[in-house]
Structure formats: C-alpha cells, structure tokens
Amino acid sequence: MNTLPEHFDVFILGAGPAGLCAAIRLLDMGYVVGMIEQEQFPRPQIGESLSPGIHNIFEYLNAAHLLEDSTYIKNIPAKIIWESKEHSYDRPGPDNGGIVVDRSKLDQELLKFAVSKGLHLIQPAKLRQAIHSGNDWILEILNRSAGISIHSKIVLDARGRKGTLLNERLPIAPSAVAAWTHIDNAVVKESFIEAFAEGWLWGSPVSVNRYRIMAFTDPGTLKENSGSHLSGLMNKTALFAPFVNKIRNSSIETCLVSSFVALAPWDKQFVKIGEAAFTLDPLSSTGVEKAMRFSLQVAIAINTYLKDPQSEHPKNFYEEKLIESVVSHTNWTADYYRKAWPDCKTAAFWMKRASFQLDISKSKSDFTLKLEKVLNNDRPVFEKKQVGPIPVDYFLSRFWNEKIVVSPHVTFKAVYAIDHDCVVIRRAIIHPNLELPLVYLDQLELYSFLKDINGSAISNILDSLNRSMAMEKSKKMLVFLLSNRLLVPTR
Ligand SMILES: Cc1cc2nc3c(=O)[nH]c(=O)nc-3n(C[C@H](O)[C@H](O)[C@H](O)COP(=O)(O)OP(=O)(O)OC[C@H]3O[C@@H](n4cnc5c(N)ncnc54)[C@H](O)[C@@H]3O)c2cc1C
C-alpha cells in the first residue's frame, strides 16, 4: 500500500460510479487523488439496469473490459403498458445496448481499476468534519477507530442521495417511494413496465435466477396499502398480477426515490457530483449513466480550476451543465408522465407529475435562482426535421456553380466549450434549425470556418476543408450546413 499523502489536489467522498468516474479521469490528468468509502466492498447496491450509453463511458475510461462479464445480462427485451391500458407493446432486445450488471461486483472492479491508476483509498472510512481554511479543505476522517487529517484543494462529494441532507435539497418532482422484492425465476427473460392509477411497476431479471419487481408510487399510497403492500398494487395490473402468489410480504424493501437537486452544489470548492448533486426520477432508468457522464464534465471543470483557481469559468460551467441536465430531465419526465393511458390523467399520482411546478421560495440560493430562471424560460419550439439519408454528390452538384454565403439567420454567441480537457469560451453559431448553439462540427470550429466563407464556390470550400480532413467527411459537413440552411446560395 502506498503512503497516504497529507495534501491532495482532489479528495472524493464515496466510491459509487460518480466518484470513481471522476477519480479515474483526474488520475489520468496527473492529479493526486484520494477517496474514502464507508462500506467494505463488495457491498450490495441497487441500480443494476444500465442504459446503452454506459458502454461509451466505460470505453472512454479504458474500462470497457469491466462490462464483459458472462453473468451480466445484455439486451433484455421489454413489454410495456403505458399509453393504452388495453394494449401492450414490445421493445425489442437484440442490440438495444442495455445491460444488467451486478453493482456490488462492478463497483468493486471499478474501484480496483482506479486504485491501480494511483488512487489513495481509505476504506472503510467516514468524514467526521470538513473545515474550509484559506485555499483548501481540512478533512477529519474516521478510519475504523483511527482519526486521519488531510488537506485537499477540492472535495468532491459523491456520497449518493443519502449524502445530501433534506435541508440541502430542492425537490424537482413530487415525492415518491419505491417498494421492491425478488422472486425466483429462470423463465421470464423480459422486462415488464406497466402504469396503473396510483403509480407504475417495473419488473426485470437481475440475474439468471432472480427477478425483481418494483413499484413506484406516492408515499401515502404505500401507507394505505401497507397490509397487502406490493401484491395489492400488482393485482391492479395485467402484466404483474400472475406473479402475486410468488411474493412474500416479509421480503419487501422500500426507499424514498424523490428527485432533487442540491441547493448549493459547488460551495467553496466542496462540489457535489452524482446523486448527491441531482437524483433523477426512477422513470428514466439512466441514473448510473447520467451520474458518470456528469462526472466527466466535472473532471474538466476541476482541471480548469486547478490550473487557474482565480477563474470563474469552472464553477459557472459546472452549474450550467447541472442546470441543463435538470431542465431537460424534468421536461422529459413530465412529458412521459403525460403520455400514460388516458384514465391516469385524472389520478393524483399522474396529475401531480405531469404539471409539477418548481418552488424555490423556501430554498433560495444563487444556484436555485439560476435554475428557476432557466426552467421558467419558454422551451424553444424546435421541429426536428426527419431528413432521410442524402445522396451527398447529387446534393452538392445542385450547388456546384453557386456562390455560397452564411445565412442571414445565423447569429453568434459566446458559450462554454471544452478544449484539451479545459473549459474555454468559444463563439457558437445559433440558427432556427439548430436545437442547441453549435461550436464544433466534428472537431471543426465553425466560427473560424464560417467567418471567411462568404462568396466562395463549393469547390473552393471543399478544397479548404480537405486540407484538414478526408474528402468524404468534408462533403458530409458541407451537406449538413447546406441542408440545414446555415449556408445558402447567393441567388
Ligand atoms: C430504487 C432505485 C432503483 C434504481 N435503479 C436504477 C437502474 O436500474 N439503473 C440506473 O442506472 N440507476 C438506477 N438507480 C439510480 C442509481 O442507483 C444511482 O444513479 C447511482 O447509483 C448513483 O451513483 P452515485 O455514485 O452518485 O451514488 P451511489 O451509487 O449511491 O454511491 C455512493 C457511495 O458513497 C458511499 N457513501 C455514502 N455515504 C458515505 C459517507 N458518509 N462516507 C463515505 N462513503 C459514503 C456509499 O457507500 C456508496 O458506495 C436506482 C436508484 C434507486 C433508489
């Protein structure tokens, strides 16, 4: 075991996916990184059904091999009753990219991987006290019965949802509770999802012989049903009722799953990440992927801070990314709850969720005020045009003899972008056909490219693009810019 330094660049609390993802990236950038974890590993952990995007995150961390385990179940098909009570529809399994893992094993393997890269780990250990002093944090840590004191320039709080106290949270959805159990099963190989008046149920294989059934409902509903509990809710559905006789009420677990965002997620370089910063509605089933994706952005903010502690960009970039995630998630979930079968619309569980209004009156902080402002902005109506594959050469030939200019509807705006793992300010282009401001198109910085283009012919534009990229790629880019009318012919 390597000697524990007294001074760290970054110290992380909690060895879940969020903490470990940040640790691996920061170690790769050359920083001195420490971590405490309160549990001995392997430890049981819920959240095993991982969304397809998890694969490219593990690849990016050079840890893709950790998802290659013969006991993990891939591409599970699903049967869903949601929009219509009478009809179920199937979501096919093959190649959907989803994977069910054993979190106790995966988290342990990822932790070992981080340690092999130089992570200083104290386990089991808990934080006793954090004191901000001058330019760094002094952390008093309890390791078994011994006290350890260390200094760190940054603390990343990745202690999961329980790491953020109730008075440090802003609810971003009505409160919700999950109740679940496992049944022995080697027969049903698909997931089931079904909406009912008081909530919804989700069933999924978690290993070859074990199937988990989980209900999401209002805390009050669970209390009313406490006698019959989960089986009472299952009896109200078509997909789950056949399993009721397999349920043993004694083996039911429950926990609060209310979504929230932390009130002050970046406070004097004490920075919350993963579920400690933002817990998603369970409907999304992408908690692990989103937690890790956010950690990748946080690592870039931290790198920028450590290179220039006076810069305000890292904190602003972090808050902007967190607000973007919260806003897109809350809009997505409200839309999804609205889609549930028509009778649901009169039920309190669904109505509350489809029309939830953020209330920061009791939780005003710099961060929640910024969040409220963005959330209350009208959502831009963006009609995504369904463009089929475009025959590139034919398309370009139509413009071949034209002079091309930047559309008068294009405007420019300074936004945060990432360059060599640092937060930088770049000019982005804005246009009614673009969903978001665009800085780069496949690594080509658009502002520099567009500023000298006016009046050029297609052949000249292709020549200039072709100096830094292959001809096929140059043509595709030009087709993207012309077909979305960011570039237009002069005629
Ligand atoms: C019922 C339920 C079902 C879910 N299902 C899914 C799913 O199917 N798919 C999915 O993607 N997500 C799911 N999620 C969400 C998923 O579990 C989380 O998004 C994910 O685990 C968040 O990762 P994290 O690293 O932020 O936190 P965690 O995974 O919770 O990790 C936090 C770590 O910090 C440690 N810790 C806590 N307190 C301390 C302390 N004081 N000192 C030191 N260490 C500490 C903990 O022991 C733990 O190891 C589910 C969540 C719930 C509640």
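Before reading further, recall that the structure is shown in the block above.
A quick note: this is a predicted structure, and the numbers were derived from the prediction, not measured.

Could you give an account of the pattern of salt bridges, with specific residues and numbers?
Overall, the coordinates contain 28 salt bridges when judged by the stated rule. Between Lys 117 and Asp 28 there is a salt bridge; the shortest N-O distance is 2.9 Å. Of this pair, Lys 117 sits in the loop between α3 (103-116) and β8 (120-122) while Asp 28 sits in helix α1 (residues 17-28); the two residues are 89 residues apart in sequence, bridging distant segments of the chain. On the accessibility criterion, Lys 117 (29% relative accessible area) is partly exposed. Overlapping salt bridges bring together Asp 157, Arg 159, Glu 168 and Lys 272 as one network.

So what's going on with the sheet that holds strand β21 (residues 278-279)? Residues and values would help.
The strand order across the open sheet formed by 3 strands is β12-β18-β21, and the pairing between neighbours is antiparallel. Taken across any chain shown, the strands that pair with only one partner, and hence form the sheet edges, are β12 (169-171) and β21. Direction of pairing for β12 relative to strand β18 (residues 260-262): antiparallel, over a ladder of 3 bridges. Residue Leu 170 lies in a different strand from β18, and its bridge partner there is Val 261.

Go over unusual backbone geometry with me, naming the residues and quoting the values.
Following Phe 41, the chain continues to Pro 42 via a peptide bond in cis, the omega torsion being 0°. Within the secondary structure, Pro 42 sits in the loop between β2 (33-36) and β3 (49-50). A cis amide bond links Gln 123 with the next residue in sequence, Pro 124, at an omega value of -5°. You can see Pro 124 is positioned in the loop between β8 and β9 (125-133). The phi angle at Asn 62 is positive, at roughly 60°, despite the residue not being glycine. With respect to the helices, strands and loops of the structure, Asn 62 is situated in the loop between α2 (54-60) and β4 (73-74). One non-glycine residue, Gln 443, lies in positive phi territory at about 75°. When its relative accessible area of 72% is taken as the criterion, Gln 443 is described as exposed.

Give me the lowdown on the nonpolar core, citing residues and values where you can.
Formed by 69 residues in total, the largest nonpolar core has its most connected members in Ile 12, Phe 58, Leu 156, Val 261, Met 292, Ile 302 and Tyr 318. Examining the composition of this core, we find that 12 residues originate from one element, helix α6 (residues 287-307), more than from any other. Taken domain by domain, the makeup of this core includes at least three residues from each of domain 1 (7-69 + 101-166 + 262-318) and domain 3 (331-376). The residues touching Ile 12, leaving out its near neighbours within four places in the chain, are Gly 19, Ala 22, Ala 23, Val 33, Gly 34, Met 35, Ile 36, Leu 156 and Ala 158. The next biggest cluster of nonpolar side chains, apart from the first, holds 28 residues, and it includes Leu 441, Ile 458, Leu 462 and Met 469.

Criteria and thresholds
Residues numbered from 1 in each chain as written. Predicted model: local features only at pLDDT ≥ 70, side-chain atom pairs only at ≥ 80, totals over all residues. Heavy atoms only, no water. Salt bridge = Lys/Arg side-chain N within 4 Å of Asp/Glu carboxyl O. Helix = DSSP H or I, 4+ residues; strand = E, 2+ residues; numbered from the N terminus. Buried < 20%, exposed > 50% of the residue type's maximum accessible area, 1.4 Å probe, protein only. Pairing = 2+ DSSP bridges. Core = buried A, V, L, I, M, F, W, Y, C linked by side-chain atoms within 4.5 Å. Domains from an automatic or database assignment. Contact = heavy atoms within 4.5 Å.

Distances and angles like these do not, on their own, reveal function.
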